[in-house]
Amino acid sequence: MGDDQLITKQQREKLLARLHRHLFWCGERIPDEVELEGKKVPLHEITWQLINKDKLTDEDREHIDHCILVLNKKAKSCETYLEKTDMTLDEAKDVFDETAGLLRAIMDLKDIEELSGPERMKKFREEAEKCKVKDAKGWMQFLEELEE
């Protein structure tokens with residue numbers, strides 16, 4: 001497929017379907033920085049700091065709730081862009097990766113509120129291990145399907 005060739009309907013549908021699969025976020029990286037409400041936010045760093053806190057303050061919880069709302073809005077906007085905009089496969093993969101990273105951040109932020117610091121880290125390590133093999137196999141299959 002040429003670099004300037006537009007994504008096909010089938011390829012677009014596969015990317016969108018992958019965003020809605022169970023555990024889709026396995027192996028996805030939270031973006032280092034993301035623009036939210038007109039400001040560059042170090043999302044990866046903020047999430048990591050919150051994960052490592054032993055105890056969350058009320059201010060932390062408010063911050064997490066606000067981040068989840070703003071990230072949801074941005075992720076939906078990215079998904080709509082992926083769904084409706086003509087673009088190349090490389091561009092579509094970039095939008096997919098950004099969207100998946102935002103959704104991963106949302107999932108992690110939701111988990112932060114539910115578990116204490118040590119339990120949180122244990123859960124994240126366990127999930128990371130489960131996701132490694134699944135993610136590698138899934139991406140290989142996904143790339144093969146896109147090339148068909």
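Residues numbered from 1 in each chain as written. Predicted model: local features only at pLDDT ≥ 70, side-chain atom pairs only at ≥ 80, totals over all residues. Heavy atoms only, no water.

### What to know about the confidence of the model for the protein chain
In step 1: In the predicted model, the protein chain carries a mean pLDDT of 83, and the fraction of residues at 70 or more is 80%.
In step 2: Averaged pLDDT values over the elements of the protein chain bottom out at 69 in helix α5 (residues 117-147) and peak at 93 in helix α3 (residues 58-84). (pLDDT = per-residue confidence, 0-100. Helix = DSSP H or I, 4+ residues; strand = E, 2+ residues; numbered from the N terminus.)

### Re unusual backbone geometry
In step 1: Despite not being glycine, E37 has its phi angle at roughly 50°, a positive value.
In step 2: Along the chain, E37 turns up in the loop between β1 (34-36) and β2 (39-41).

### Some details on the packing of α3 against helix α4 (residues 89-114)
In step 1: In the contact formed by α3 and α4, the axes pass within 9 Å of each other and the chain directions differ by 155°. One element, α3, and the other, α4, form an angle in the roughly antiparallel class. Viewed along their axes, α3 and α4 form a crossing whose handedness is left-handed.
In step 2: Here the contact of α3 with α4 is composed, by residue class, of 17 nonpolar, 2 polar and 7 charged. (Axes fitted to C-alpha atoms, helices over the stretch in contact; angles between N-to-C directions. Parallel < 35°, antiparallel > 145°, perpendicular 65-115°, else oblique. Left-handed = near helix turned anticlockwise from the far one by under 90°. Nonpolar A, V, L, I, M, F, W, Y, C, P; charged D, E, K, R; others polar.)

### Section: the pattern of salt bridges
In step 1: In total, this model carries 5 salt bridges according to the counting rule given.
In step 2: The shortest N-O distance in the salt bridge between K9 and E13 comes to 4.0 Å. Of this pair, K9 and E13 both sit in helix α1 (residues 9-19), 4 residues apart, roughly one helical turn.
In step 3: Judged by relative accessible area, which is 45%, E13 ranks as partly exposed.
In step 4: For D60, the salt bridge goes to K53, with nearest N and O atoms at 2.6 Å.
In step 5: Overall, D60 belongs to the buried group, its relative accessible area being 11%. (Salt bridge = Lys/Arg side-chain N within 4 Å of Asp/Glu carboxyl O. Buried < 20%, exposed > 50% of the residue type's maximum accessible area, 1.4 Å probe, protein only.)

### Side note on the packing of helix α2 (residues 43-52) against α4
In step 1: Where α2 contacts α4, the two axes come as close as 10 Å, and the packing angle between them is 20°. Accordingly, the angle class assigned to the pair α2 and α4 is roughly parallel. Along this stretch, α2 crosses α4, giving a crossing that reads as left-handed. Each of L43, T47, L50 and I51 in α2 lies in contact with α4, whose residues at this interface are L102, A105, D108, L109 and I112.
In step 2: Residues of the contact of α2 with α4, tallied by class, amount to 7 nonpolar, 1 polar and 1 charged. (Contact = heavy atoms within 4.5 Å.)

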